[in-house]
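# Inside the fold
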Amino acid sequence: MASLNHIADSYVNSVDKPFDYALKQRIKFTIKYWRAMLLRREFERKGTDKTLIQGFLMALEAVDSLDSCLVTSGCTWKRTTLKVPKPIAHGGSSSSFLYVGPAKYSNPGALPYTEETAAGIGFQCFNSFTGNYAMTGEYRYINDYIYIPDKPLTKFVYVEGVFDNPEDAHEVCVGAANCVSDDDEFPIGLHMLNTILEGIRKNELRILTNDHEVNTQPNI
């Protein structure tokens with residue numbers, strides 16, 4: 001599969017606008033948007049496509065009520081130092097992610113953490129050392145951060161999922177084999193890509209814009 005830059009270049013060339021930088025940026029954003037929409041529908045029917053999974057290790061930092069209004073006074077939680085990309089919900093599970101927990105490669109028998117609702121964040125800080133928690137653990141995904149009850153030896157959390165925008169994972173998985181940028185192979189099936197491009201050509205799928213994505217001036 002080609003990179004997103006190559007796909008967008010091919011499209012703007014096909015409509016005889018090879019130097020339209022803004023159009024190229026809109027095409028890239030539109031492909032990513034409709035990819036996420038179509039994958040959601042596909043996952044609901046067939047389950048997650050494992051070939052699209054990305055995984056990365058994220059550092060944690062201690063936070064309390066002074067750092068986050070989500071944390072009850074007197075509690076200490078750990079939160080990812082960077083925002084975690086938004087996952088695409090997958091069928092057959094209530095969790096947003098496919099895996100959140102200790103790194104698999106260094107803890108082969110480790111059990112994943114369980115996603116809980118934000119309503120329990122204050123209560124859980126008083127139960128972080130119960131036998132049940134010590135075996136499995138729990139986490140919250142709130143405002144794009146993952147929170148886990150504070151455990152002194154836990155400095156990292158491993159995250160796996162299929163993400164709305166696979167390039168959002170690039171910042172947090174630098175050096176990993178599954179990082180994706182505009183110049184890397186874009187994780188999308190050929191049939192889905194052709195469906196999106198054909199829909200754009202026929203005006204069946206709108207060409208979307210995003211202020212953060214569309215920049216009419218190339219980077220210098």
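Keep in mind it's a predicted model, so treat the numbers as computed, not measured.

On to the sheet that holds strand 5 (residues 138-142). As summarised here, the arrangement of the seven strands in space is 3-7-1-2-6-5-4, forming an open sheet in which the pairing is mixed. The open sheet has two free edges, formed respectively by strand 3 (99-101) and strand 4 (114-115), since each of these has just one partner strand. Summarising the sheet, strand 3 and strand 7 (residues 156-161) pair through three bridges and their orientation is antiparallel. Bridging from a neighbouring strand, Gly101 pairs with Tyr158 of strand 7.

Right, let's talk about helix 5 (residues 190-201) for a bit. Its twelve residues give helix 5 an end-to-end C-alpha distance of 16 Å, which sits within 8% of 16 Å, the value for a rise of 1.5 Å per residue. Within helix 5 the residues assigned to the buried category are Met192, Leu193, Ile196, Leu197, Gly199 and Ile200. End-on, the buried residues of helix 5 take up no more than an arc of 160 degrees, which puts them together on one face. Exposed residues pointing more than 90 degrees away from the buried face of helix 5 are listed as Leu190 and His191. Where helix 5 is buried, its residues touch helix 1 (4-14) and helix 2 (21-46). Positioned one or two residues after helix 5, Asn203 has a phi angle of 60 degrees, which is positive.

A word on the packing of helix 1 against helix 2. It is the contact of helix 1 with helix 2, at a shortest axis distance of 9 Å, that shows an interaxial angle of 120 degrees. For the element pair helix 1 / helix 2, the angle class is oblique. The two elements helix 1 and helix 2 meet at a crossing, and its hand is right-handed. Across the interface between the two elements, Leu4, Asn5, Ile7, Ala8, Asp9, Tyr11 and Val12 from helix 1 touch Leu23, Lys24, Ile27, Lys28, Ile31 and Lys32 from helix 2. A class-by-class count of the residues in the contact of helix 1 with helix 2 yields eight nonpolar, one polar and four charged.

Reading guide: rules and limits
- Residues numbered from 1 in each chain as written.
- Predicted model: local features only at pLDDT ≥ 70, side-chain atom pairs only at ≥ 80, totals over all residues.
- Heavy atoms only, no water.
- Pairing = 2+ DSSP bridges.
- Helix = DSSP H or I, 4+ residues; strand = E, 2+ residues; numbered from the N terminus.
- Expected span 1.5 Å × (residues − 1).
- Buried < 20%, exposed > 50% of the residue type's maximum accessible area, 1.4 Å probe, protein only.
- Arc of directions from axis to C-beta.
- Contact = heavy atoms within 4.5 Å.
- Axes fitted to C-alpha atoms, helices over the stretch in contact; angles between N-to-C directions.
- Parallel < 35°, antiparallel > 145°, perpendicular 65-115°, else oblique.
- Left-handed = near helix turned anticlockwise from the far one by under 90°.
- Nonpolar A, V, L, I, M, F, W, Y, C, P; charged D, E, K, R; others polar.

By themselves, these figures tell us nothing about what the structure is for.
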